[in-house]
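Here are the chains, one letter per residue:
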Amino acid sequence: MRSVLDTTQPIGVMAAMPEEIAAIDRALTDRCVETRGLREYHTGRLFGREVVLVMARVGKVAAASTATHLLCEFGVGGIVMTGVAGGVGDATHVGDVVIASETVQHDLDASPLFPRFEAPLLGVSRFEAWPDDVDRAAQAARRFLAEDLTGALGAERLAALGVAGPRVHTGLVATVDRFITATDEAAAIRELLPDALAVEMEGAAVAQVCHEHGGGALIIRAISDRADDHATDAFTRSLPEIASVYSAGILRRLFAG
Ligand code: ADE
């Protein structure tokens, strides 16, 4: 079965924001930096794996450009995108982890020329992750939550951030073109895509680029907020702590076992 983790090539590792990549960056060894398109690509070793690590910046264009460089210039065999997301599923709470088994561009609508959500002339609406990657990432995330999280953040901090009994979910992640900060906006997304677990701003773009180039895309997100009226506060509180600690901790479990 195919897996990004079984590639003999380096693995691309990307996140959108500095807070999401900080702890991963600190763990990178044997570093060599090259600049392309206003981004720094850091080749090196991460938890025993050869990787190319890059901060993509926010949004689908930034993510697609970065993913294309990773695949075409740096020769990665697949891409792991990590960071935070807003929970829109009934059961996705702050501090949970969502692994995308599929991604969709929520805002893409070229109807009536093409079905809503379909990437025109590609014939794909939902980009599916490789099942083996999803299983292995879910296992890594479960181990991180059960064995590492409390030690990393402390029970008091977790309680203050509203993280209680965090869980791992696999399913649909919707990639949106704006930060969702209203309860009625989140409800509208749920109505349009009832099986969506989370919203973020890059995943489906990375998945489309990987689909077009034949590489795997593995999207791993920690829930920072509920994409509701309190999302800005929750996101601002969670980002510095949850984003970095979760991303590095899950990748450590994923790469090093
Ligand atoms: N990433 C994290 N939270 C988000 C939200 N509420 N909307 C869009 N992207 C997000």
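It should be noted that the structure appears before, not after, this text.
Residues numbered from 1 in each chain as written. Predicted model: local features only at pLDDT ≥ 70, side-chain atom pairs only at ≥ 80, totals over all residues. Heavy atoms only, no water.

## Some remarks on the environment of Cys210
Rules: Segments assigned H or I by DSSP are reported as helices when at least four residues long, segments assigned E as strands when at least two residues long, and all are numbered from the N terminus. By definition, residues are in contact when any of their heavy atoms lie within 4.5 Å.
Relative to the assigned elements, Cys210 resides in helix H6 (residues 203–213). In sequence terms Cys210 and Pro112 are 98 residues apart; their C-alpha atoms lie 27 Å from each other. The contact partners of Cys210, leaving out residues within four places of it in the chain, are Leu71, Ile79, Gly215, Gly216 and Ala217.

## What about H6?
The test is simple: Working definition: with a 1.4 Å probe on protein chains only, accessible area under 20% of the residue-type maximum means buried, over 50% means exposed, and in between means partly exposed.
With respect to burial, H6 is a largely interior element, 8 of its 11 residues being buried. Restricting attention to buried positions, one finds in H6 the residues Gly203, Ala204, Ala205, Val206, Ala207, Gln208, Val209 and Cys210. Count one or two residues on from H6 and you reach Gly214, which has phi positive near 80°.

## With respect to helix H5 (residues 183–192)
Stated formally: Working note: the arc is built from the helix axis to C-beta atom directions.
All of the buried residues in H5 are Glu185, Ala186 and Ile189. Buried residues of H5, seen end-on, are gathered within an arc of 100° and therefore sit on one face of the element. Looking at H5, the residues exposed on the side facing more than 90 degrees away from the buried face are Asp184 and Glu191. Considering only its buried residues, H5 is in contact with strand E9 (196–200).

## Comments concerning the packing of helix H1 (residues 18–27) against helix H7 (residues 231–256)
What counts here: Think of each axis as a best-fit line through the C-alpha atoms, taken over the contacting stretch in the case of a helix, with angles from 0 to 180 degrees between the N-to-C directions. In this scheme, roughly parallel covers angles under 35 degrees and roughly antiparallel covers those over 145, while 65 to 115 is roughly perpendicular and the rest are oblique. Each crossing gets its hand from how the near helix is turned against the far one by less than a right angle, where anticlockwise is left-handed and clockwise is right-handed. Polar here means any residue other than Ala, Val, Leu, Ile, Met, Phe, Trp, Tyr, Cys and Pro, which are nonpolar, and Asp, Glu, Lys and Arg, which are charged; Gly is therefore polar.
Between H1 and H7, whose axes approach to 7 Å, the crossing angle comes to 45°. As far as their axial angle goes, H7 and H1 are oblique. Here H1 and H7 pass one another in a crossing that is right-handed. Between H1 and H7, the contacting residues are Glu19, Glu20, Ala22, Ala23, Ile24 and Arg26 on the first element and Leu239, Pro240, Ala243, Ser244, Ser247, Ala248 and Leu251 on the second. Here the contact of H1 with H7 is built from residues that sort into 8 nonpolar, 2 polar and 3 charged.

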